[in-house]
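Observations on the three-dimensional arrangement
Each chain, letter by letter, is given below.
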Amino acid sequence: MNFTVEDLEFYLLVLVRISSFVVAAPFFNYQTIPAKWKAVVSMVLAIIAIQAIPAVEVEYTGIIGFSGLLLKECAVGLILGFMCNICMYIVSFAGQLIDMEMGFSMASMFDPITNIQVTVTGNMYTYLVMLILIVSNMHHYIIRAILDTFRYFNVGQAVFSGDVTNMAIEFMANYFMIGFRIVLPIFACMLVINVVLGVLSRAAPQMNMFVVGMQVKVLVGILLLIILVPTIPVIADFVFGKMKEVVLDVYQSFTP
């Protein structure tokens, strides 16, 4: 079998789409994973992809045209990987809201793995959901997500329309709604505690409710987190379901 220059161009475009996806996708974009392993994964997936998808003739004019195709394929991989990754940030966002209610928001730290500022509960939720992602083989679905793009729109066939922007805006609006739904039990309990503390402050003005309230919120918040541990698989399943919906929306937005 002869390997022509056209085959090399086709392989490079496939490699660019997959590499950009690996850089932005959840689990694969962690800083603890060496760059050489990311490159190896991208090359292996590209070799598998070119064996399973039909090769198409790439049409372009000069170096500028080929550079435009490279940027186009890079954008496809980055958008798909970013939309999958932002689904994981929902859990971290919910954890930050919980820590704000419990008084742990000041105990934030910089996570060198994700390169974002995280709180205690947000970090715990993120790692638990990521563990469930690996155990449930959801990372296999993430890999299939980028490989299946070549069936919906092959190299150079992606169409950037206004649907991509509308889809991203709609998902960002749902991002906050999903986060609030996860922390709703904590919100409800903390609201009851604030009401009780308000009544006690009127009944016993000599009591320092600020000091008492902080301790009560921390103790009740930790107790609630222990009680809500069995709900983490449900949260993970919900987040993974949203991730699948986002992948299908991206497919439909880019399909000509």
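Rules and cut-offs
Residues numbered from 1 in each chain as written. Predicted model: local features only at pLDDT ≥ 70, side-chain atom pairs only at ≥ 80, totals over all residues. Heavy atoms only, no water. Helix = DSSP H or I, 4+ residues; strand = E, 2+ residues; numbered from the N terminus. Buried < 20%, exposed > 50% of the residue type's maximum accessible area, 1.4 Å probe, protein only. Contact = heavy atoms within 4.5 Å. Axes fitted to C-alpha atoms, helices over the stretch in contact; angles between N-to-C directions. Parallel < 35°, antiparallel > 145°, perpendicular 65-115°, else oblique. Nonpolar A, V, L, I, M, F, W, Y, C, P; charged D, E, K, R; others polar. Expected span 1.5 Å × (residues − 1). Left-handed = near helix turned anticlockwise from the far one by under 90°. Phe/Tyr/Trp six-rings, centres within 6.5 Å; stacked < 30°, edge-to-face > 60°. Lys NZ or Arg CZ within 6 Å of the ring centre and 35° of its normal.

Here Met167 lies in helix 7 (residues 162-182). The exposure class of Met167 is buried, given its relative accessible area of 10%. With near-sequence residues (within four places) excluded, Met167 lies in contact with Met83, Asp249, Val250 and Ser253.

What follows is about the packing of helix 5 (residues 138-147) against helix 10 (residues 232-254). Helix packing geometry: the angle between the two helix axes and the distance between the axes. For the pair helix 5 and helix 10, interaxial distance at closest approach is 11 Å and the crossing angle is 5°. As summarised for this structure, helix 5 and helix 10 are arranged roughly parallel, according to the angle between their axes. In this structure, helix 5 uses Met138, Tyr141, Ile142, Arg144, Ala145 and Ile146 to contact helix 10, whose residues at the interface are Phe240, Met243, Lys244, Val247 and Tyr251. Class assignment for the residues of the contact of helix 5 with helix 10 results in nine nonpolar, no polar and two charged.

A few words on helix 4 (residues 120-135). With 16 residues, helix 4 should reach 22 Å at 1.5 Å per residue; the first-to-last C-alpha distance of 23 Å fits that figure. Every buried residue of helix 4 is listed here: Thr121, Gly122, Asn123, Tyr125, Thr126, Val129, Met130 and Leu133.

Interaxial distance between helix 8 (residues 184-203) and helix 9 (residues 209-227) falls to 11 Å at its minimum, and their mutual angle equals 155°. Comparing their axes, helix 9 and helix 8 come out roughly antiparallel. Judged by the sense of rotation from one axis to the other, the crossing of helix 8 with helix 9 is right-handed. Judged by residue contacts, Ile186, Cys189, Met190, Ile193, Asn194, Leu197, Leu200 and Ser201 of helix 8 engage Met209, Gly213, Val216, Lys217, Val220, Gly221 and Leu224 from helix 9.

For Lys72, the location among the structural elements is in helix 3 (residues 62-102). In the structure, Lys72 is positioned 85 residues away from Gln157 in sequence and 9.5 Å away in space, judged by C-alpha atoms. Setting aside chain neighbours within four positions, we find Lys72 in contact with Gly156, Gln157, Ala158 and Phe160.

Another aspect to go through is the packing of aromatic side chains. Overall, the coordinates contain four aromatic pairs when judged by the stated rule. Judged by centre distance (5.4 Å) and plane angle (85°), the ring pair of Phe93 and Phe176 falls under edge-to-face. With a gap of 83 residues between them, Phe93 in helix 3 and Phe176 in helix 7 connect regions that are remote in the sequence. Since its relative accessible area comes to 15%, Phe93 is described here as buried. Aromatic pair Phe93 and Phe180: ring centres 6.2 Å apart, planes at 85°, arrangement edge-to-face. Of this pair, Phe93 sits in helix 3 while Phe180 sits in helix 7, and the two are 87 residues apart along the sequence. Using a relative accessible area of 39% as the deciding quantity, one classes Phe180 as partly exposed. Each residue in the set Phe93, Phe176, Phe180 and Phe187 is aromatic and connected to the rest through ring pairs, giving one cluster. Positioned over the ring face of Tyr141 is Lys244, at 5.3 Å from the centre of the ring.

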